[in-house]
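Chain by chain, the residues:
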Amino acid sequence: MTKENDLLTVEGIKNCLATRFIGTDIYIFDNIDSTNDYAMSLAKEGALDGTVVLADSQNKGKGRLGRSWFSPRGVNLYLSVVLRPKTALEHITLITFASAIALVRAINDIANIEAHIKWPNDVLINNKKAAGILTEANTEANKLNFCVIGMGINVNLNINDLPLDLRDKATSIMAETEKAIDRTALLCSLLKHIEDMYNILAEGDFNRIIEEWKSFAITLNRDVRIQSGNKVIEGIAVDIDNNGALLVTDRNGIIQRVLSGDVI
Ligand code: BT5
């Protein structure tokens, strides 16, 4: 595979896509500020459940809490999927979990390498961050209208092209497998797995999502330090609850429930 035949096109994606509704509508940009921002605005205008927005590069790719996502051209995947789940708002973290599971499965299928999940939203290969997930929700009166799952995946990125501050903590699928990966094949596999997981969520089988997430997680049964807002929680991550909150036994033996934050 060469760079020239690794172009992302609607036709190429539709040829390999085996989904029922995810990817019925696909938008591809050569360059955009943020696929998540675009998908959020499409969703506000009524975009279909499963609409996919992709870009070959982003100017303002974003992470959580205003952080930025390094998004160079032509080598990675930057995508956002509009979902309209009928799930209660309190299950929003499970949508991120389901997406992370889908990504781990797709990496395994296409690159034949194991990936793991670091709570709440990082996908790691060999302990380095290969992908991040940003779920944004639109709510009304405590009800979930729609959400957008944004994924940034380092696919064929050369490690030497990473900014210096990311070099020791980030990686790409190609760097770990020493093989260039067909981005379209990875994307098609990912979208199929997202649809499968989404159906499990729609059936209300939360337990299945939690159990599979745990089987890929590297955060459990470890000493952790978590920055959650302006609080730091230290202890042992013992479990996650049914809504995806991390349960941490602190030094006093008290179980702290952490719904969002960063393991530092
Ligand atoms: C995330 O945030 O990990 C979620 C990233 C989601 C990016 C996608 S790209 C498509 C879609 N459109 C968007 O605008 N966003 C989504 P967080 O957990 O806050 O992690 C952000 C941190 O990851 C940064 O502060 C860096 O330390 C690190 N980082 C930035 N770019 C990276 C990259 N390409 N690979 C690995 N780590 C990176």
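Details of the structure are given in the entry above.
Every value quoted in this text rests on a predicted model; they were computed, and no experiment measured them.

Colleague: How would you explain the overall build of the protein if you had to name every residue and give the values?
Modeller: Of the regular secondary structure elements, the protein holds 6 helices and 12 strands. Radius of gyration (C-alpha) of the protein: 18 Å, near the 18 Å computed for a compact globule of 264 residues. For the protein, the spread of C-alpha atoms along the three principal axes comes to 60 × 45 × 30 Å. In the protein, once contacts between residues fewer than 6 apart in sequence are set aside, the share between residues at least 24 apart is 63%.

Colleague: Mind laying out the site of the ligand, listing which residues take part and the relevant values?
Modeller: Every one of the 28 residues lining the ligand counts as a neighbour, but S34, K62, R67, K129 and N154 are closest to it. The side chain of R67 places a nitrogen or oxygen atom 2.8 Å from an oxygen atom of the ligand. In the environment of the ligand, an oxygen atom lies 3.4 Å from a nitrogen or oxygen atom belonging to the side chain of N121. Here the ligand has 790 Å² of accessible area as a free molecule, and 92% of this is covered by the chains. Top element by residues in the shell around the ligand is strand β6 (residues 128-140). It accounts for 4 residues. Along the lines of polarity and charge, the residues of the shell around the ligand split into 9 nonpolar, 13 polar and 6 charged.

Colleague: Provide a residue-level description of the sheet that holds strand β9 (residues 231-240), including the pertinent values.
Modeller: Overall, antiparallel pairing links the 5 strands, which are arranged β11-β10-β9-β8-β12 in an open sheet. Strands with a single pairing partner mark the edges of an open sheet, and in this sheet they are β11 (255-258) and β12 (262-263). Pairing between strand β8 (residues 222-228) and β9: 7 bridges, direction antiparallel. By the bridge assignment for β9, Q227 is matched with V232.

Colleague: Explain the side chain of T93 to me, using residue names and the numbers behind them.
Modeller: Relative to the assigned elements, T93 resides in helix α3 (residues 92-111). Taking relative accessible area as the criterion, T93 reaches 15% and is therefore assigned buried. When neighbours within four sequence positions are excluded, T93 is seen to be in contact with N243, G244 and L259.

Colleague: Residues and numbers for α3, please.
Modeller: With 20 residues, α3 ought to run about 28 Å at 1.5 Å a step, and its terminal C-alpha atoms sit 29 Å apart, in line with that. Burial of α3 is extensive: 17 of the 20 residues sit out of reach of the surface. Immediately downstream of α3, the backbone of N112 shows phi near 60°, a positive value.

Parameters at a glance
- Residues numbered from 1 in each chain as written.
- Predicted model: local features only at pLDDT ≥ 70, side-chain atom pairs only at ≥ 80, totals over all residues.
- Heavy atoms only, no water.
- Helix = DSSP H or I, 4+ residues; strand = E, 2+ residues; numbered from the N terminus.
- Rg over C-alpha atoms; globule rule 2.2 N^0.38 Å.
- Contact = heavy atoms within 4.5 Å.
- Near = heavy atom within 4 Å.
- Polar contact = N/O pair within 3.5 Å; in protein donor to acceptor, adjacent residues only side chain to side chain.
- Areas by Shrake-Rupley, 256 points an atom, 1.4 Å probe, with all protein chains shown as cover.
- Nonpolar A, V, L, I, M, F, W, Y, C, P; charged D, E, K, R; others polar.
- Pairing = 2+ DSSP bridges.
- Buried < 20%, exposed > 50% of the residue type's maximum accessible area, 1.4 Å probe, protein only.
- Expected span 1.5 Å × (residues − 1).

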